[in-house]
Amino acid sequence: MKTTNLMIVGVGGQGTLLASKLLGKLLVSEGYDVKVSEVHGMSQRGGSVVTYVRFGEKVYSPVITEGEADYIVSFEKIEAARYLSCLSNKGKIIVNNQEIDPMPVITGAAVYPTDVLEKVKESGVFVDEMNALDLAESAGSAKAVNIVLMGRLARYLGIGREKWVKAIEETVPAKTKEMNLKAFELGYNYEM
Amino acid sequence: MKKLLIGNEAVSRGLYEGGINVVSSYPGTPSTEITEFLSKYDDIHSEWAPNEKVALEVAFGASLAGARSACAMKHVGLNVAADPLFTLSYTGVTGGLVICVADDPAMHSSQNEQDSRHYAIASKIPMLEPADSQECYRFAKEAFRISEEFDTPVLLRLTTRIAHSQSITDIGERENAEIKQYEKKPAKYIMMPAYAKAKHPVVEERTKKLIAFSEICDFNRIEMGGTDIGIITAGDCYQYVKEALGDSVSVLKLGMLNPLPEKLIRDFAAKVKRLVVVEELDGIIETHVRSLGLPVEGKSLFTPIGEYNQDTVRKVFRSALNEKADCEVNVPVRPPMMCAGCPHRGMFYALSKNKITVMGDIGCYTLGAQAPLTALDSTLCMGASVSGLHGFNLADKGQRRTACVIGDSTFIHSGITGLINVAYNSTSSTVIVLDNSITGMTGHQQNPTTGYNIKGDPASKVDLEALCKAVGIKRIRVVDPYNIAECEKAVLEETASDEASVIISRRPCVLLKSVKAKSPVKVDADKCKGCKKCMTLGCPAISIKNKKAVIDHTLCVGCDVCKQLCAFGAIESEDR
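Residues numbered from 1 in each chain as written. Chains lettered and ligands numbered in written order. Predicted model: local features only at pLDDT ≥ 70, side-chain atom pairs only at ≥ 80, totals over all residues. Heavy atoms only, no water.

### Here's the deal with the overall build of chain A
When helices and strands are counted, chain A shows eight helices and six strands. N-terminal to C-terminal, the α/β element order of chain A is β-α-β-β-β-α-β-α-α-β-α-α-α-α. Residues counted as buried form 64% of the 192 residues belonging to chain A. Here the analysis covers contacts within chain A between residues at least 6 apart in sequence; of these, 64% occur between residues at least 24 apart. (Helix = DSSP H or I, 4+ residues; strand = E, 2+ residues; numbered from the N terminus. Buried < 20%, exposed > 50% of the residue type's maximum accessible area, 1.4 Å probe, protein only. Contact = heavy atoms within 4.5 Å.)

Structural data, given as structure tokens:
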């Protein structure tokens, strides 16, 4: 069985760590060999963050290199472009079209590229674009962007929906359970 | 029981099952979680020490009294703990002693890329290096046994990718937790010349025994595959080699990095046509192999800089790379930055605006070096801001207005000794303690200034004002960094003073759960002239859209610092 390679990319503070925790739990319960790798510390402070998730029969490397990723879940628009070279030319990318200005844009030293998703689409990969922030807010909290996007990813990975629900229930704090399950459904059912 | 664990949690589980009784550490990425996870076990003593030297000495004392003990630190922390380390090699242990040290190739969160394996060689202490979480667990547990069998501390080396990657770990039960009987042994534990002279030959003998052990131990193993190329590797590099080359090559996978085996390497070399070492950072295994007189390649093919991955290996051996997607977009960099509402920002603004020359230190506030604040002139190591400022002022002789910034935890770690020097050798240095009531960058650990211990229970709290007074500083003042005028006044007065001074810039980290955010501020677009004065703060919540300032309500915590800068009254607080 071929190893599946998945990357979660975004901005420090967007909740990518919880998403990877959820995925790890789910994939282990499915009986896969799993490696999840992310860097903590300095990079959490509003910097660009990346988590590598690899699963299959036997996984060696904890990281994903150029052209290896089958899926990228991007929590922010330009982060999708930043890590695009890691995606296989047959890969799929799920992207939250939220824009978060990096410091060089805030200071005026750089501009936020406006046509970034068009360029990503031109590369020939499959792009599933959504406004996950709106969906998260309608579920009850802007912080649920991560679960909305996991809901979207659930459409692709071929793991039963009820297993995702169980993994979410075991991962998120009890008082946010209902809100997160709603966020998951909104992401899953969103029509492109 | 199988669980998905990060390397650091697996290490903590291994230490726990191996019978640890005492752990003392100073936080440092990527080692911090080892001690955090250990603190969750109530049947052992865990603590945050003021620095790594103290931590290792605490572990030594506990070992001397018969307990299995450990400490964990980042690579540069071992520099701080190097003094006890080298002599601990001579004394050996009573209860097993494990020193976990985490290197950071690629400097994800560090100021240098030093290779801790040099310390193992220099101090003649055995070193293990795991390649995944299962090995983190097993090696940590076994390390206690080796420590006691060979009467030596054991170094457990991790790298960021091992420490922070999760993989499946099959864990077991706690054992061997009894504390041994203490016996007074002056010749073993009092390292004055007469006894130390007797111990050095013991250390050399021990190394011979450890080499014999490394020849046969199951930390090292050979995986035969194709014999055209034989690769000697360890740690995460083993994973990259297997991923890139699979069974097309033979692999000698080393788990014991010091001392290195001789016969095992010769036997492996005899089975393959070409011998290559794949190791991140320095060519330590390669140098050893060459010293055996074997033809070997290593750093002539692989860089000593940064982190490797499977493509690093593929490129050297010309294996096929994957077909990648690509697009032509100029993506602006996204460096880490100080959070919206960070209490350091107001003080940095005051320093930057007044063009103060500032010696920086290690912590979140190192981010004050970045545009637009660009408030720092140097960052070297923990504590160097204070002592470095004293030295700078000795040479500068008052030509410039100077100050240094240091966080509360870093100040206790090694800033206080520099401050004693400032007072004792009298320069008019201005030391700014950025007291955010937590160890921030490593992810919110308690420290001696917070009033809480590692478990979050109330603890003795250092009185910073009294401490600075006690070492001889007469000018001490406390400011609120959310008040820009107050910060500027303090900075201008203290940097002009001909006496040494301490400014304590006090406000808790905005990310602490105990800190409640105020409602966000907003911009009145009619009043905003688009002057961009508020942009000079470098707050991630503020941006310019259509020539007017806009404040992101999801990020703003209502610190009101930007409001103080606006000359047009365009930034307003919502009803509070």
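There's plenty left to go through after this.
### A short note on the pattern of salt bridges
When their charged atoms lie close together, side chains carrying opposite charge are able to pair. All names here are of chain B. Applying the stated criterion to the full structure yields 56 salt bridges over all chains. As a salt-bridge pair, E17 and K141 come within 2.9 Å of each other at their nearest N and O atoms. Of this pair, E17 sits in helix α1 (residues 7–17) while K141 sits in helix α7 (residues 133–150), and the two are 124 residues apart along the sequence. What makes K141 buried here is its relative accessible area of 12%. Across the salt bridge formed by R400 and D396, the nearest N and O atoms sit 2.5 Å from each other. Exposure remark for D396: the relative accessible area of 4% places this residue in the buried category. In this structure, a network of salt bridges that share partners links the residues R13, E17, K141, E142, R145 and E175. (Salt bridge = Lys/Arg side-chain N within 4 Å of Asp/Glu carboxyl O.)

### Examining the sheet that holds strand β16 (residues 430–435) of chain B
Residue and element names in this part refer to chain B. Strands sit in the order β14-β15-β16-β18-β17 across an open sheet of five strands; the sheet is parallel. Each edge of the open sheet is held by one strand with a lone partner, namely β14 (357–359) and β17 (475–479). Each strand of the sheet is rotated relative to its neighbour by a mean of 25°, with strand direction disregarded. Relative to strand β18 (residues 501–506), β16 runs parallel, the two being bridged by six bridges. Within the sheet, the bridge partner assigned to V433 lies in β18 and is I504. (Pairing = 2+ DSSP bridges. Axes fitted to C-alpha atoms, helices over the stretch in contact; angles between N-to-C directions.)

### Concerning the nonpolar core
Counting residues in each nonpolar core, the largest one holds 68 residues, and the members touching the most others are M347, F348, L351, V405, F411, L419 and I432 of chain B. Summarising the domain contributions, this core has at least three residues from each of domain 3 (344–506) and domain 4 (521–573) of chain B. Setting aside chain neighbours within four positions, we find F411 of chain B in contact with I406, I416, L419, V433, L464, L467 and C468 of chain B. Core analysis: the second largest hydrophobic core is formed by 45 residues, A81 and I93 of chain A together with L245 and V329 of chain B among them. (Core = buried A, V, L, I, M, F, W, Y, C linked by side-chain atoms within 4.5 Å. Domains from an automatic or database assignment.)

### Focus on the domain arrangement of chain B
Residues and elements named next belong to chain B. According to the domain assignment, chain B contains domain 1 (2–216), domain 2 (221–316), domain 3 (344–506) and domain 4 (521–573). A C-alpha centroid distance of 25 Å is found between domain 1 and domain 2. At the interface, 32 residues of domain 1 touch 28 residues of domain 2. Overall, the association of domain 1 and domain 2 removes approximately 2,300 Å² of surface from exposure, summing both partners, and the carbon and sulfur fraction of that is 56%. Looking at the side of domain 1 facing domain 2, the largest losses of area belong to R117, E129 and E215, adding up to 25% of the total buried there. One salt bridge in this structure joins K253 and E135, with 2.6 Å as the shortest N-O distance. At the boundary of domain 1 and domain 2, one finds 19 residue pairs in polar contact (both at pLDDT 80 or more). Elements represented by at least two residues in the side of domain 1 that touches domain 2 include exactly α6 (117–123), β6 (127–128), α7, β7 (154–159), α8 (160–163) and α10 (193–216). For the side of domain 1 that touches domain 2, the element with the highest residue contribution is α10, accounting for six residues. Looking at side-chain class alone, the side of domain 1 that touches domain 2 contains 15 nonpolar, six polar and 11 charged residues. (Buried area = accessible area lost by both parts, 1.4 Å probe. Polar contact = N/O pair within 3.5 Å; in protein donor to acceptor, adjacent residues only side chain to side chain. Nonpolar A, V, L, I, M, F, W, Y, C, P; charged D, E, K, R; others polar.)

### Re the side chain of S501 of chain B
Residue position: S501 of chain B is located in strand β18. Not counting chain neighbours up to four residues away, the residues in contact with S501 of chain B comprise S429, T430, V431, I473, R475 and E494 of chain B.

### A closer look at unusual backbone geometry
Residues and elements named next belong to chain B. Cis rather than trans, the peptide bond between N258 and P259 has omega equal to -10°. P372 follows A371 through a cis peptide bond whose omega is 5°. Within the secondary structure, P372 sits in the loop between β14 and α16 (384–396). Unusually for a residue other than glycine, D560 sits at a positive phi of about 70°. A relative accessible area of 15% places D560 in the buried class.

### With respect to the interface of chain A and chain B
Contacts between the two partners involve 56 residues from chain A, matched on the other side by 53 residues from chain B. Between chain A and chain B the total buried area reaches about 4,800 Å² when both faces are included, carbon and sulfur atoms providing 60% of it. Here chain A and chain B share six salt bridges between them. One salt bridge in this structure joins E66 of chain A and K324 of chain B, with 3.2 Å as the shortest N-O distance. Applying the counting criterion to the chain A and chain B interface returns 18 residue pairs in polar contact (both at pLDDT 80 or more). Sorting the residues of the side of chain A that touches chain B by element identifies α1 (16–29), β2 (33–38), β3 (48–56), α2 (77–82), β5 (87–96), α3 (103–106) and α4 (116–122) of chain A as the ones contributing at least two each. With six residues, the single largest contributor to the side of chain A that touches chain B is β2 of chain A.

### Brief notes about the confidence of the model for chain A
Per-residue pLDDT for chain A has a mean of 93; in total, 97% of the residues score no lower than 70. The secondary-structure element of chain A with the lowest mean pLDDT is α3 of chain A, recorded at 88, while strand β4 (residues 69–74) of chain A shows the highest, at 98. (pLDDT = per-residue confidence, 0-100.)

### Here we look at the environment of V148 of chain A
All names here are of chain A. For V148, the location among the structural elements is in helix α6 (residues 145–157). Sequence separation between V148 and D134 is 14 residues; the distance between their C-alpha atoms is 9.9 Å. Not counting the four nearest positions on each side in its chain, V148 is found in contact with M130, A132, L135, A136, A183 and G187.

### Concerning the packing of aromatic side chains
Residue and element names in this part refer to chain B. Taken as a whole, this structure holds 14 aromatic pairs over all chains when the rule is applied. Both rings, one in F213 and one in F219, keep their centres 6.4 Å apart while their planes meet at 65°; by these two values the pair is edge-to-face. A residue is classified by how much of its surface remains accessible, and F219, at 2% relative accessible area, is buried. An aromatic cluster is built from F139, F150, F213 and F219, whose rings are joined through pairwise contacts. (Phe/Tyr/Trp six-rings, centres within 6.5 Å; stacked < 30°, edge-to-face > 60°.)

### Concerning the packing of helix α3 (residues 52–64) of chain B against helix α5 (residues 82–91) of chain B
Residues and elements named next belong to chain B. Where α3 meets α5, the closest approach of the two axes is 9 Å, and the angle between their N-to-C directions is 20°. The pairing of α3 with α5 is recorded here as roughly parallel in orientation. Regarding α3 and α5, the two cross each other, and that crossing is left-handed. Within the contact between the two elements, α3 uses K53, L56, E57 and F60 and α5 uses D83, P84, L85, L88 and T91. (Parallel < 35°, antiparallel > 145°, perpendicular 65-115°, else oblique. Left-handed = near helix turned anticlockwise from the far one by under 90°.)

### So, the sheet that holds strand β1 (residues 2–6) of chain B
Spatial ordering of the open sheet is given by β6(A)-β5(A)-β4(A)-β1(A)-β3(A)-β2(A)-β8(B)-β1(B), a layout of eight strands whose pairing is mixed. This sheet does not close on itself; its edge strands, each paired only once, are β6 (126–130) of chain A together with β1 of chain B. Strand-to-strand twist of the sheet, defined as the mean angle between neighbouring strand axes without regard to direction, takes the value 20°. Judged from the five bridges that link them, β1 of chain B and strand β8 (residues 165–170) of chain B form a sheet pairing that is antiparallel. For L5 of chain B, the partnering residue across the bridge sits in β8 of chain B and is S167 of chain B.

### Here we look at the pairing of strand β1 (residues 4–11) of chain A
Residue and element names in this part refer to chain A. Counting buried positions over the eight residues of β1 gives eight, a clear majority of the element. Residue alternation in β1 divides its side chains into two sets, T4, L6, I8 and G10 and N5, M7, V9 and V11, and both sets are buried. Of the pairings in the sheet, the one linking β1 to β3 comprises eight bridges and is antiparallel in character. Each bridged residue has a counterpart across the sheet, and for L6 the counterpart in β3 is V53. Bridge count between β1 and β4: four bridges; the pairing is parallel. In the strand pairing of β4, L6 is matched with Y71.

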